[in-house]
There are 2 protein chains.
Amino acid sequence: MSRSQATAFAPASVGNVGVGFDLLGHVIDGPGDTVTAFRIEEPIVRIDSIEGVIVDLPREADRNTAGRAVQALLEHAGVDFGIALRIEKGIPLGSGLGGSAASATAALVAANALLPKPLEIGALYPFALAGESVASGSAHGDNVGPQLLGGLVLATLERLIPIPVPQGLWACVVHPDHVVETRLARETLAEPYPIGTVVAQNALLAQFLAGCYRKDLDLIRAGLGDVLVEPRRASLIPGFAEVKQAALDSGALGASISGAGPSAFGWFDDRAAADAARQAMIAAFAEAGLSAEGWVSAVDAPGARLIED
Amino acid sequence: MSRSQATAFAPASVGNVGVGFDLLGHVIDGPGDTVTAFRIEEPIVRIDSIEGVIVDLPREADRNTAGRAVQALLEHAGVDFGIALRIEKGIPLGSGLGGSAASATAALVAANALLPKPLEIGALYPFALAGESVASGSAHGDNVGPQLLGGLVLATLERLIPIPVPQGLWACVVHPDHVVETRLARETLAEPYPIGTVVAQNALLAQFLAGCYRKDLDLIRAGLGDVLVEPRRASLIPGFAEVKQAALDSGALGASISGAGPSAFGWFDDRAAADAARQAMIAAFAEAGLSAEGWVSAVDAPGARLIED
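Residues numbered from 1 in each chain as written. Chains lettered and ligands numbered in written order. Predicted model: local features only at pLDDT ≥ 70, side-chain atom pairs only at ≥ 80, totals over all residues. Heavy atoms only, no water.

As annotated in an unreviewed UniProt entry, chain A is Homoserine kinase from Wenzhouxiangella marina. Under the UniProt heading Subcellular location (unreviewed entry), the entry covering chain A gives this text: "Cytoplasm". Reading the Sequence similarities (unreviewed entry) entry of the UniProt record for chain A gives the comment "Belongs to the GHMP kinase family. Homoserine kinase subfamily." (UniProt positions renumbered as here; feature names shortened; annotations may be inferred.)

Now the structure itself:
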């Protein structure tokens, strides 16, 4: 007999990681969304409650990232029962921390546990993408990918590839109390890019990935940047230049925007430096008139998991 | 007492490797340029002869890739003697096989051997870039980088990073008797690129590099492509679509244009398949009215080296 209910937690994530727009992401050990899935007789997916830091999200399952993801999973599994979801939001909306993705991921991990034959966690990826695309209008796996697998992940539309992270790397992520509309953030990317910019970003990406595989922090430092998206989105985030500089002044290997912003992140090879950056980045947002909260986490943090009630 | 003369060979190379425009390249065990450097009393660099498959190249040292590269090396070394060069071209001009780069690389390796304290081969990179930029008008190391180090190399303007190649990978490279003007090939890239294309190319590049590090041929197959440059340059090469298809039909992991063309290349996990592709690609060029010659080489072929007279 399968379980009748299960609860899962999915962590927030740093989408893009600056250098890998729509492709790279890593989780953080910080806020997250928690979803409980209940087996119900009626073969539908139903959202029973949304609580926590945001509550005004669509309740119709096919317009909700968690609901749509679980619909896709149940269609695949071909079971004769349905699932009701209770969503506890821990990640603010429009923060650039993968909040809509985390609801989908947590819901899938919980719902998967109710299946007669649960899938391996990586096999949930297509359903997570289906859920994520409800919120963003297009499928990109740079949040759901790392949320499923943990750590740093390369997420193409076809597959997830875990990228090794050198030991002892820390991320500092700071979220200001400000909303960047995803649609507006996307609009900044409409103007096409000259070949020189494309090659420069490719050079960053290649060095970053080679640095991760070679465990070469100098190479990661050389690659952890963004000449593609950050220059166009920085002005949407009050104080971003100063916040980034605060991270670099604290010793960051690199710093950029998390997801579509307004959160900012930096990578550090030293926990104390990341802690100092957290204070300095919060102070820089305060100078720009924004209150902010921040987290320090191993880059190689764990992904979504079932939690016992 | 230092040597008074030295001869070096530098192999042809596949610039861009499709997925890494201006950044990735690998050498082939096939044609190459050979340069002999003679120590002369007058503190200048002089081109004494240019022979082989092309002879109408600039003889003024600072307008010749080999001459300019050696000038830069001597300026760095601060020696009180000069160097005369005899260049034997084995790589056709405008073939997309790194011919101008190979002259610079071979000249540097030969001249370096005449220095009181020869540099390590990788340290010759900035001088090779200086030479290469005489021919192309801009510095890019995707030919001189692999020609110096051998194998597959990521070449940024600042550094060379050898990329591991899984054992047993073969390249087939076919050169048709046709010249693509470098200036024209560059002009096709002037129109800027939409973000979707940039992300698609980034996804290819990231998968290709992860595939090399993971020794995962499926991932290399997924990544070995080009949605950025090839679609714009393919029409400059008569029969390119059919030549590429011939490579794929022979089992290529991927196939694209070598450098700015017109040469085409494919990667194979089997020597016999690469040999078959060579015939099929030559036949496809013949259908388009072009005679062609081809080579099959390990991807991880050796770089430039001194040769004994």
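Digging into the relation of the copies chain B and chain A
Superposition record for chain B on chain A: RMSD 0.0 Å, screw rotation 180°, translation along axis 0.0 Å. Between the two chains, the operation in question is that of a two-fold axis. A share of 100% of the interface residues of chain B reappears at the interface of chain A, consistent with the copies meeting face to face through the same patch. (Least-squares fit on C-alpha atoms with pLDDT ≥ 70 in both. Contact = heavy atoms within 4.5 Å.)

Comments concerning the sheet that holds strand β8 (residues 254-257) of chain B
All names here are of chain B. One open sheet accounts for 4 strands, arranged β8-β9-β7-β10; its pairing is antiparallel. Every other strand in the sheet has two partners, leaving β8 and β10 (292-298) as the edge strands with one partner each. For this sheet, the mean angle separating the axes of adjacent strands, direction not counted, is 15°. For strand β7 (residues 170-176) and β10, the ladder comprises 7 bridges, and the chain directions are antiparallel. Paired with V174 across the bridge in β10 is G294. Against the sheet, helix α9 (residues 240-249) touches β8 and β9 (264-268), its axis set at about 155° to β8. Packing against the sheet, helix α10 (residues 271-287) makes contact with β7, β9 and β10, and its axis sits at approximately 15° to β7. (Pairing = 2+ DSSP bridges. Helix = DSSP H or I, 4+ residues; strand = E, 2+ residues; numbered from the N terminus. Axes fitted to C-alpha atoms, helices over the stretch in contact; angles between N-to-C directions.)

As for the environment of A:A185
Residues and elements named next belong to chain A. Note on placement: A185 falls in helix α5 (residues 182-187). The exposure class of A185 is buried, given its relative accessible area of 0%. Measuring from C-alpha to C-alpha, the distance between A185 and P262 comes to 9.8 Å, with 77 residues separating the pair along the chain. (Buried < 20%, exposed > 50% of the residue type's maximum accessible area, 1.4 Å probe, protein only.)

Re the interface of chain B and chain A
Frequently, the measure chosen for interface size is the accessible area that the parts lose on association. Facing 29 residues of chain B, the contacting portion of chain A comprises 29 residues. Contact between chain B and chain A buries roughly 2600 Å² in total, counting both sides, with carbon and sulfur atoms accounting for 76%. Of all residues in chain B, the largest losses of buried area upon contact with chain A belong to B:I195, B:N202 and B:Y213, amounting jointly to 21% of the total for that side. Taken together, chain B and chain A are joined by 4 residue pairs in polar contact (both at pLDDT 80 or more). Breaking the side of chain B that touches chain A down by element, the ones donating at least two residues are β6 (160-163), α6 (195-214) and α7 (217-223) of chain B. If one sorts the elements of the side of chain B that touches chain A by residue count, α6(B) sits on top with 13 residues. A class-by-class count of the residues in the side of chain B that touches chain A yields 22 nonpolar, 4 polar and 3 charged. (Buried area = accessible area lost by both parts, 1.4 Å probe. Polar contact = N/O pair within 3.5 Å; in protein donor to acceptor, adjacent residues only side chain to side chain. Nonpolar A, V, L, I, M, F, W, Y, C, P; charged D, E, K, R; others polar.)

Observations regarding the domain arrangement of chain A
Residue and element names in this part refer to chain A. In terms of domain boundaries, chain A breaks down into domain 1 (5-163 + 302-307) and domain 2 (170-298). The straight-line distance from the C-alpha centre of domain 1 to that of domain 2 is 24 Å. Between domain 1 and domain 2, the contact holds 29 residues from the first and 35 residues from the second. Buried surface at the junction of domain 1 and domain 2, summed over both partners, amounts to about 2200 Å²; 65% is from carbon and sulfur atoms. Among the residues of domain 1 in contact with domain 2, G18, V19 and F21 are the three that bury the most area, contributing 25% of the side total. Across the pair R186 and D22 runs a salt bridge, and its minimum N-O distance is 3.1 Å. Put simply, domain 1 and domain 2 have 11 residue pairs in polar contact (both at pLDDT 80 or more) between them. Elements with a contribution of two residues or more to the side of domain 1 that touches domain 2: β1 (5-15), β2 (24-40) and β6 (160-163). No other element matches β2, which puts 7 residues into the side of domain 1 that touches domain 2. Class assignment for the residues of the side of domain 1 that touches domain 2 results in 15 nonpolar, 12 polar and 2 charged. (Domains from an automatic or database assignment. Salt bridge = Lys/Arg side-chain N within 4 Å of Asp/Glu carboxyl O.)

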